[in-house]
Amino acid sequence: MKVHERLDQELSKQGKTQAALAEAVGVSSATVSQWRSGTKTPSATNMMKVAGFLGVQPSWLSYGELGATTKTVDPKQRDAYRRECVWYHRPAPQDAGRELGNAAGFAFHGGLSTLGRETCQNILDEAQPGQPTVEARYTLIEVSGVRLDNFLEAIKFDDLKPHLEAAADSRQKVAAVIRRGLTALADDGRLILLRVEDYGAKGLVGPEYDDGNYMAVVRNILDSFKGDNAGGSYGLGKSVMWACSQFGMVLINSTLSVAQDGKREGRYIGRLELPWHRLTAAEAGSPEAYAGPAWFGEKDEARGGVTRSYWGNEALALDTYLARDEEEPGTSFLIVGAYDPDERFQTIEEMHDELVNALAANFWPAMVERAGDDPGMMTALVRSERNGVTIKSDLVDPHSYTPAKARMLQVHRDDLTVDSLEQPGDVVRRRITLEVPKRLSDGGHGSQQHEAVLLVTEADEDETANRVAFLRGTHMVIREELVAGLRMGSRTFHAVVLAGLAAGDEPADKAADRFLRAAEPPAHDDWRVTPDVSSSYARGYGTALRDFKNEVRQAIREIVGRPTRDLSDGPDALKELLRISPPTVDTTKRPRVKSAVGKPDAEGRWSLDVRVSLPAREAPWRFSPVLRFGTESGAAIPVVWEELVPETKCTVTGDVVVAEAGAREVRFRGTSKADTHPVDASLATALVDVRVYKETSK
């Protein structure tokens, strides 16, 4: 059942009208009609609102009952894979050389946030040509008891155990990780698996033993096999999956977009990444020493017993938690013994939250809806289950995690930007020039001038403000940095730079995207001079990158700097000396919300701790806090306060806050009235402003 079918079914079941849904979400009835017919799909933001209106989980509305498979295992298929699938361990080389771990796995910081960043980047890179939206799904699975026993039997863990124990018997870093994994498995009797899936991607296409996506992922090291404008270029990103397994083990099941040898579905293979190790003669048979890597699949006798892809066995996919929910092409990876290499997160609940935050922080631009409310380049779901029971499920909505930034990008796509920051919510757009140097090799071109797009909007004062994010065609945030040198009194802001193919699809945009990709180090977290840049481009590349960043910073300073005072009638100091009449009060100054921090409580109400900054004046300030629920497709909707409680330097009468005389900041707590909510509190962004009352004359 597809999204539109679940939506239509639930509307009919609840007896709710199309018009009522349109009003609740803030779209036209015609748009809802397109959703019901399947000609359009709601964006992640609107999916949250629709789910709130219907009282269902957003993940169910988007994907159905994930993990609750009704498929039954064919005993003949189970017998077949148990008989035909084996582990092949690569023998040690004859020269006795030893590789004590995969260097690619240590190329950059490898925590769970890096796992989310690198795998999601690969998913975007592998989207099928012409595919408007690719789906990324992350599922944490904890198994114990019979489920654990059945899984270990399916992957022939008993055959692997001597190799794992031998690899763990050294002082190497990798050995210590394997030791801890084996000990935890034996002592705790549980195992964490992490499934990373994409839908709408190419799948592991290509031959078994020749160039292609399959070889690049499954057998080769430092092979990206990607196009010129892809997100990754070093082939390192995939190594993070193996680095996040305590056993260095990843199992793979892929549905191909292009058939290989007449087959498309269920291309299954496993790879184990161990260091060099030696078994005893009794354990090993022959040979005794092994290079480290091993593969799980069907034995290929024509190549000396190495293993190759095992095709179309649904029982194997089901038994190893790799059954795909849809026939759409793409790949499912299962990280066996998943853990956080940074050792900050232990439980699947903690790992779940870290993945959600990493995806939202790094890929919010790719998830923001396009013009016309069509979904963005990708959608992302994170689920957790323990022995088949769903624990948590989060559809990642950029408007929930980075609302101001997401809205800024949406305003740009809807072409509603303005020339200067005047009103809350305004977005300024400027063009920034990047001088792309001459490319000397591999599709060379002359120097070109690229116009990137800078977007700036005013922000609340928080730890993420006054920063600028840089991104290119993949819409992954490459870097976010603080802007220094701001004029005193400048507005707080959010800013983003869209460069390369994120700014357009002209030849100069493509050339810029390729240049910036070459300027990224293995972690893809900056644009700087790299060996790829210095070997492929004419001199001047360093100046081009430096000038580009400097122009971005200068443009931001000009946009957020408040207008200077008119000095046409003399300097301020001289006017102060000659002043005879008393100074006038600056009536433009008014109380401003400094922070509003909170979350929905157990009763479905927004509970907020609010701080309001007050300009200096003798008379006490009087104002009413105004609470609204943010809607990205229309104006914010007013919500009624149920209770306002004074905390610091103020009193409350009804809905009016009265500050103490001379106070420069007040603090109060507020709780919303649930029956005035337009949508469920968990699906909304709470916005607080103040309505100021004029000072009364006596």
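In this text, all values refer to a predicted model and were calculated from it rather than measured experimentally. (Residues numbered from 1 in each chain as written. Predicted model: local features only at pLDDT ≥ 70, side-chain atom pairs only at ≥ 80, totals over all residues. Heavy atoms only, no water.)

Caption draft 1: Region of interest: the overall build of the chain. Helix and strand content of the chain: 21 helices and 26 strands. Expressed as a percentage of the 698 residues in the chain, the buried residues total 51%. Summed over its atoms, the accessible surface of the chain is roughly 32,200 Å², and 48% of this surface lies on carbon and sulfur atoms. (Helix = DSSP H or I, 4+ residues; strand = E, 2+ residues; numbered from the N terminus. Buried < 20%, exposed > 50% of the residue type's maximum accessible area, 1.4 Å probe, protein only. Areas by Shrake-Rupley, 256 points an atom, 1.4 Å probe, with all protein chains shown as cover.)

Caption draft 2: Structural detail: the packing of aromatic side chains. All chains considered together, the criterion is met by 6 aromatic pairs. Taking 6.0 Å as the distance between ring centres and 65 degrees as the angle between the ring planes, the aromatic pair formed by Phe157 and Phe247 counts as edge-to-face. Separated by 90 residues along the polypeptide, Phe157 in helix α9 (residues 157-168) and Phe247 in strand β4 (residues 245-255) bring together distant segments of the chain. What makes Phe157 buried here is its relative accessible area of 6%. (Phe/Tyr/Trp six-rings, centres within 6.5 Å; stacked < 30°, edge-to-face > 60°.)

Caption draft 3: Up close: the nonpolar core. By size, the foremost hydrophobic cluster in this structure holds 78 residues, and its most contacted members are Met378, Leu454 and Ile556. The biggest single contributor to this core is helix α15 (residues 348-367), with 9 residues. Formed by 37 residues, the second largest nonpolar core is a distinct cluster that contains Cys85, Phe157, Leu185 and Phe296. (Core = buried A, V, L, I, M, F, W, Y, C linked by side-chain atoms within 4.5 Å.)

Caption draft 4: Structural context of the environment of Asn357. Among the secondary structure elements, Asn357 is positioned in helix α15. Sequence separation between Asn357 and Tyr401 is 44 residues, and the spatial gap between their C-alpha atoms is 8.0 Å.

Caption draft 5: Looking closely at the sheet that holds strand β17 (residues 493-498). An order of β13-β14-β17-β15-β16 is seen for the 5 strands of this open sheet, with the pairing classed as mixed. One side of each edge strand has no neighbouring strand; the edge strands of this open sheet are β13 (427-436) and β16 (477-482). Averaged over all adjacent pairs, the angle separating strand axes in this sheet is 20 degrees, with direction ignored. With 10 bridges connecting them, β13 and strand β14 (residues 448-458) associate as antiparallel partners. If you follow Glu435 over to β14, its bridge partner there is Gln449. Each of β13 and β14 touches helix α18 (residues 507-518); the most contacted strand, β14, lies at about 80 degrees to it. (Pairing = 2+ DSSP bridges. Axes fitted to C-alpha atoms, helices over the stretch in contact; angles between N-to-C directions. Contact = heavy atoms within 4.5 Å.)

Caption draft 6: The arrangement of unusual backbone geometry in detail. The backbone phi angle of Glu343 is positive, close to 60 degrees, even though this residue is not glycine. With respect to the element layout, Glu343 can be found in the loop between β10 (330-338) and α15. The residue His475 is not glycine, and still its phi comes out positive at about 65 degrees. As for its position among the elements, His475 is in the loop between β15 (467-471) and β16.

Caption draft 7: Seen up close, the packing of helix α1 (residues 3-14) against helix α4 (residues 44-54). At a closest axis distance of 11 Å, the pairing of α1 and α4 adopts a crossing angle of 25 degrees. The pairing of α1 with α4 is recorded here as roughly parallel in orientation. As for the relative orientation of α1 and α4, their crossing is left-handed in sense. Two secondary-structure elements touch here, α1 through Val3, Leu7, Glu10, Leu11 and Gln14 and α4 through Met47, Val50, Phe53 and Leu54. Across the contact of α1 with α4, the residue classes break down as 7 nonpolar, 1 polar and 1 charged. (Parallel < 35°, antiparallel > 145°, perpendicular 65-115°, else oblique. Left-handed = near helix turned anticlockwise from the far one by under 90°. Nonpolar A, V, L, I, M, F, W, Y, C, P; charged D, E, K, R; others polar.)

Caption draft 8: Fine view of the sheet that holds strand β18 (residues 592-600). Here we have 4 strands laid out as an open sheet, ordered β18-β19-β25-β22, and antiparallel in their pairing. Either end of the sheet is taken by a strand with one partner, and the two such strands are β18 and β22 (641-648). In this sheet, adjacent strand axes meet at a mean angle of 20 degrees when their direction is disregarded. Bridge count between strand β19 (residues 606-613) and strand β25 (residues 665-672): 7 bridges; the pairing is antiparallel. Each bridged residue has a counterpart across the sheet, and for Leu608 the counterpart in β25 is Gly670.

Caption draft 9: Layout of the pattern of salt bridges. Here the structure, examined in full by the defined rule, presents 38 salt bridges. In this structure, the salt-bridge partner of Arg514 is Asp442, at a minimum N-O distance of 3.1 Å. Of this pair, Arg514 sits in helix α18 while Asp442 sits in the loop between β13 and β14, and the two are 72 residues apart along the sequence. When its relative accessible area of 57% is taken as the criterion, Asp442 is described as exposed. Note that Lys594 is salt-bridged to Glu665, the shortest N-O span being 3.2 Å. With Lys594 in strand β18 and Glu665 in strand β25, the pair connects residues that are 71 residues apart, well separated along the chain. For Lys594, a relative accessible area of 33% corresponds to the partly exposed category. When its relative accessible area of 24% is taken as the criterion, Glu665 is described as partly exposed. Taken together, the shared-partner salt bridges in this structure form one network comprising Glu142, Arg190, Glu349 and Arg386. (Salt bridge = Lys/Arg side-chain N within 4 Å of Asp/Glu carboxyl O.)

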